[in-house]
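Close look at the chain arrangement
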Amino acid sequence: AQQLGTPLSNQEYREFFRSLRAAHHAHTACLLRELYGCQHPLIQRLDKYENHGVIPKGPICSELPGTPSFPDFCAFSFYRCTRKRYFIKV
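Summary of the structure given here. Being a predicted model, the structure only gives us computed values, none of them experimental. (Residues numbered from 1 in each chain as written. Predicted model: local features only at pLDDT ≥ 70, side-chain atom pairs only at ≥ 80, totals over all residues. Heavy atoms only, no water.)

**Describing the state of the cysteines**
Two cysteines, two sulfur atoms, one covalent bond between them: this is a disulfide. The cut-off we apply is this: Criterion for a disulfide: a pair of cysteine sulfur atoms at a distance within 2.5 Å. Each helix is a run of H or I in the DSSP string that is no shorter than four residues. Each strand is a run of E no shorter than two, and both are numbered from the N terminus. Think of it in three bands: with a 1.4 Å probe and only protein chains considered, a residue is buried below 20% of the maximum accessible area for its type, exposed above 50%, and partly exposed in between.
For the structure on display, the rule yields 2 disulfides. A sulfur-sulfur distance of 1.9 Å marks the disulfide that ties Cys 38 to Cys 74. The sign of the 85° torsion about the S-S bond sets the Cys 38-Cys 74 disulfide as right-handed. Residue Cys 38 is located in the loop between helix H2 (23-36) and helix H3 (41-50), and its partner Cys 74 is located in helix H4 (residues 73-82); the two are separated by 36 residues in the primary sequence. Assessed through its relative accessible area of 10%, Cys 38 is described here as buried. Each disulfide in the protein chain links cysteines that, numbered along the sequence, combine into the pattern 1-4, 2-3. Not part of a disulfide, Cys 61 finds its nearest cysteine sulfur in Cys 74, a span of 17 Å.

Right, here's the structure in full:
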């Protein structure tokens, strides 16, 4: 079992994003995030699922070149949405 708040494994990410694989599904989730913010119950449920039941508190480290960290998971998720890099993980 994974530790609460840790990112999903590569296999778990494949499973998690299976329903969002089509870019329009991921885009729809991003639109909900933009419209309702990270406090929306559906968005929180996705964020918790992505992180083994707990939304990580900030800061969030990233392996992205030029973007080493984000203040919190919400900012990281918004970054993925705005850059259309839906399937990157921390």
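**A closer look at the pattern of salt bridges**
Where side chains of opposite charge bring their charged atoms close, a pairing between them can arise. Quick note on the threshold: Salt-bridge detection follows one rule: a side-chain nitrogen of Lys or Arg within 4 Å of a carboxyl oxygen of Asp or Glu.
One pass over the full model with this rule turns up 2 salt bridges. The shortest N-O distance in the salt bridge between Asp 47 and Arg 33 comes to 2.6 Å. On the criterion of sequence distance, the pair formed by Asp 47 in helix H3 and Arg 33 in helix H2 is long-range, its members being 14 residues apart. Summarising the burial analysis for this pair, Asp 47 and Arg 33 share the class buried. Here Arg 80 and Glu 50 are joined by a salt bridge, their closest N and O atoms 2.7 Å apart. Of this pair, Arg 80 sits in helix H4 while Glu 50 sits in helix H3; the two residues are 30 residues apart in sequence, bridging distant segments of the chain.

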